[in-house]
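Now for the letters of each chain:
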Amino acid sequence: MHRRQFLAVGAVGSVAGFTGLAGCLATPDDQGRLDLTVQNEGDAPVEARVVVTDADGTTYEDETDRIDPGVARAFEVIVAASGRHEVVVSGDAWEGALAWDADRCRLYDGTVRVAADRVEVAGECADPR
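Reading the values: the criteria
Residues numbered from 1 in each chain as written. Predicted model: local features only at pLDDT ≥ 70, side-chain atom pairs only at ≥ 80, totals over all residues. Heavy atoms only, no water. Helix = DSSP H or I, 4+ residues; strand = E, 2+ residues; numbered from the N terminus. Buried < 20%, exposed > 50% of the residue type's maximum accessible area, 1.4 Å probe, protein only. Contact = heavy atoms within 4.5 Å. Pairing = 2+ DSSP bridges. Core = buried A, V, L, I, M, F, W, Y, C linked by side-chain atoms within 4.5 Å.

### Here's the deal with the overall build of the protein
Scanning the protein for helices and strands turns up 0 helices and 9 strands. Going residue by residue from the N terminus, the α and β elements of the protein occur as β-β-β-β-β-β-β-β-β. Burial analysis of the protein (129 residues in total) assigns 45% to the buried set. Summarising the internal contacts of the protein: among those between residues at least 6 apart in sequence, 64% fall at separations of at least 24.

### Quick look at the pairing of strand β9 (residues 118-128)
Burial analysis of β9 places 8 of its 11 residues in the buried class, which makes it a mostly covered element. By the bridge criterion, 10 bridges tie strand β8 (residues 105-115) to β9 in an arrangement that is antiparallel. Bridge assignment links G110 to a residue of β9, and that residue is G123. Joining the antiparallel neighbours β8 and β9 is a turn of 2 residues.

### Describing the environment of A115
Within the element layout of this structure, A115 appears in strand β8. In the structure, A115 is positioned 72 residues away from D43 in sequence and 7.8 Å away in space, judged by C-alpha atoms.

### Here we look at the nonpolar core
Counting 22 residues, the largest nonpolar core has L36, V87 and V89 as the members making the most contacts within it. When contributions to this core are tallied by element, the ones reaching two or more residues are β2 (31-40), β3 (46-54), β5 (72-80), β6 (84-91), β7 (94-101), β8 and β9. With 4 residues, β3 is the largest single contributor of residues to this core. Beyond its immediate sequence surroundings of up to four residues, V87 is in contact with L34, L36, V50, V51, V52, G96, A97, L98 and W100.

### Some words on unusual backbone geometry
Despite not being glycine, A93 shows a phi value in the positive range, around 65°. Here A93 shows up in the loop between β6 and β7. Its relative accessible area of 52% is what places A93 among the exposed residues.

Written out as structure tokens, the structure reads:
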């Protein structure tokens, strides 16, 4: 099992943390799943846009949500059971990204933590194929 690691980066400009695994717990073999948590650790609300795509350009999720300070928002997204997938979470002057291979993992568990001066991303395969 891979330990979850957080990557801290400055909040100005874009930030990307890519990981090479993915998957889906209790999901049929013809599907994959992303369980994502976006946590606001700052002092002000943030508008977080979550976009989940695959290498062919299929969009599985494109949602924007306001997240108050000290609050976390969970997203569950069903994706194809194969291929590379990517989630990009962005807001004003910040971005965090994770990528995984659904051929190797049914359930991918990702976290994006947003603070005034940094964005941290972490991800791990929670259910290997």
